[in-house]
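# Structural overview for review
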Amino acid sequence: MTSLEKLVPTLEDAATLLRLLARSATGQEFSAYTTISTGPRRAGDLDGPEQYHVVLLDNGRSALLGGEFQDMLRCIRCSACMNHCPVYAAVGGHAYGWVYSGPMGAVLTPSLIGIAEAGHLPNASTFCGQCESVCPVKIPLPKMMRHWREREFTEKLNPPVYRAGLFLWAWVAKRPALYHALVELASRVLGWIGRGRGRFRTLPLANGWTAVRDMPTPEGRSFHSLWAERRKDGAGR
């Protein structure tokens, strides 16, 4: 059994992809566990199967053709995107709760079981772009995860509190002066409250984070204010 996107025209094409797969996954020259089957036993062969069947699994893959997720069908399952993903490195594969983990799974899984069931996967990304930069077949994974986020939001599958928070953040982000002022205020307040402890075990509106990990205490200054201060000091010298 194989999924239909694994079909290639010739044996030479298969050899090229196998070499690319091994190099991108483990740095090997070639895979050590590749099996080549040439079909059923022919007349005169001493052994081999009398019949040979190949089952092609679609499972929603044809629906990706011609759409915004078609590039996902180029994936060769090398795991390069997973090995370089900061989220995957922190939480591991089991946290994804599905067969395909990492960035490629965050794109492929919603197409197989629906965005209503797998919406948390494309949201678990920093969009740092590492997955796309190391992908040997150049799949634009961050862009496709963003498409899934947009679809989830358009279909109103997010909780109302989450949607309200996004609207509020967007309103503040469009006003840079207000955004910088609020970030500076929050950094100073949290830095003052958490001084001496170094971390918060619980925080309002951050229960999902602090339920499984501590929140480091901010230094007391925002990045923007420190950066502006250093630029000013550098210009005065």
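For the structure itself, consult the block above.
Right, let's walk through the structure included here.

What counts, and at which threshold
- Residues numbered from 1 in each chain as written.
- Predicted model: local features only at pLDDT ≥ 70, side-chain atom pairs only at ≥ 80, totals over all residues.
- Heavy atoms only, no water.
- Salt bridge = Lys/Arg side-chain N within 4 Å of Asp/Glu carboxyl O.
- Helix = DSSP H or I, 4+ residues; strand = E, 2+ residues; numbered from the N terminus.
- Buried < 20%, exposed > 50% of the residue type's maximum accessible area, 1.4 Å probe, protein only.
- Phe/Tyr/Trp six-rings, centres within 6.5 Å; stacked < 30°, edge-to-face > 60°.
- Lys NZ or Arg CZ within 6 Å of the ring centre and 35° of its normal.
- Axes fitted to C-alpha atoms, helices over the stretch in contact; angles between N-to-C directions.
- Parallel < 35°, antiparallel > 145°, perpendicular 65-115°, else oblique.
- Left-handed = near helix turned anticlockwise from the far one by under 90°.
- Contact = heavy atoms within 4.5 Å.
- Nonpolar A, V, L, I, M, F, W, Y, C, P; charged D, E, K, R; others polar.
- 1 Å grid on protein atoms, 1.4 Å probe; cavity = no way out; pocket = protein on both sides within 12 Å on 5 of 7 lines; lining within 4 Å.
- Points joined across faces, edges and corners; volume = space filled by probe spheres on them.

### Focus: the pattern of salt bridges
Under the definition given, this model contains 13 salt bridges. Note that Glu5 is salt-bridged to Arg61, the shortest N-O span being 2.9 Å. You can see Glu5 sitting in the loop between β1 (2-3) and α1 (11-25) and its partner Arg61 sitting in the loop between β2 (56-57) and α2 (80-84), a full 56 residues away along the chain. Considered together, Glu5 and Arg61 belong to a single accessibility category, that of buried residues. A salt bridge links Glu29 to Arg23; its shortest N-O distance comes to 2.8 Å. For Glu29, a relative accessible area of 49% corresponds to the partly exposed category. Connected via shared salt-bridge partners are Glu5, Lys6, Arg61 and Arg77.

### A closer look at unusual backbone geometry
For Asn59, which is not glycine, the phi dihedral falls at a positive 50°. Note that Asn59 resides in the loop between β2 and α2.

### Digging into the packing of aromatic side chains
One pair of aromatic rings is described through two measures. These are the centre distance and the angle between the planes. Scanning the model with the defined rule gives 3 aromatic pairs in all. Seen in terms of ring centroids, Phe69 and Trp148 are 4.2 Å apart; in terms of plane orientation they differ by 15°. Their pairing is stacked. Of this pair, Phe69 sits in the loop between β2 and α2 while Trp148 sits in helix α8 (residues 141-154), and the two are 79 residues apart along the sequence. The pair formed by Phe69 and Trp148 is uniform in burial state, with each residue classed as buried. Of note, Arg149 hangs over the ring of Phe127, and the distance from its end group to the ring centre comes to 4.2 Å. Residue placement shows Arg163 over the ring face of Phe153; its charged tip is 4.0 Å from the ring centre.

### Thoughts on the packing of helix α4 (residues 102-113) against α8
Direction vectors running N to C along α4 and α8 enclose 40°, while the axes themselves pass 9 Å from each other. As the angle between them shows, α4 and α8 are arranged oblique. By crossing handedness, the relation of α4 to α8 is classed as left-handed. Mapping the contact onto sequence places Pro103, Met104, Ala106, Val107, Pro110 and Ser111 in α4 and Leu141, Met144, Met145 and Trp148 in α8. Residues of the contact of α4 with α8, tallied by class, amount to 9 nonpolar, 1 polar and no charged.

### Structural notes on empty space enclosed by the protein
Counted by the stated rule, this structure contains 2 cavities of 30 Å³ or more. Quantified by volume, the largest cavity comes out at close to 100 Å³. Taken together, 17 residues form the lining of the largest cavity, with Cys85, Pro103, Ser125, Cys131 and Met145 sitting closest to its centre. Sorting elements by how many residues they give to the lining of the largest cavity places α4 first, with 3 residues. Classifying every residue of the lining of the largest cavity by side-chain character gives 12 nonpolar, 5 polar and no charged. The computed volume of the second largest cavity comes to approximately 80 Å³. By residue class, the composition of the lining of the second largest cavity is 11 nonpolar, 1 polar and no charged.

### Focus: the layout of surface pockets
In this structure, the largest pocket occupies an estimated 1,000 Å³ of space. Grouping the constituent residues of the lining of the largest pocket by class yields 19 nonpolar, 7 polar and 3 charged. There is about 660 Å³ of room inside the second largest pocket. What lines the second largest pocket is a set of 17 residues, among which Leu182, Ala186, Leu190, Pro204 and Leu205 lie closest to the centre. Secondary structure elements with two or more residues in the lining of the second largest pocket: α9 (160-173) and α10 (176-193). Here the element with the most residues in the lining of the second largest pocket is α10; it accounts for 7 residues. Residues belonging to the lining of the second largest pocket are distributed by class as follows: 16 nonpolar, 1 polar and no charged.

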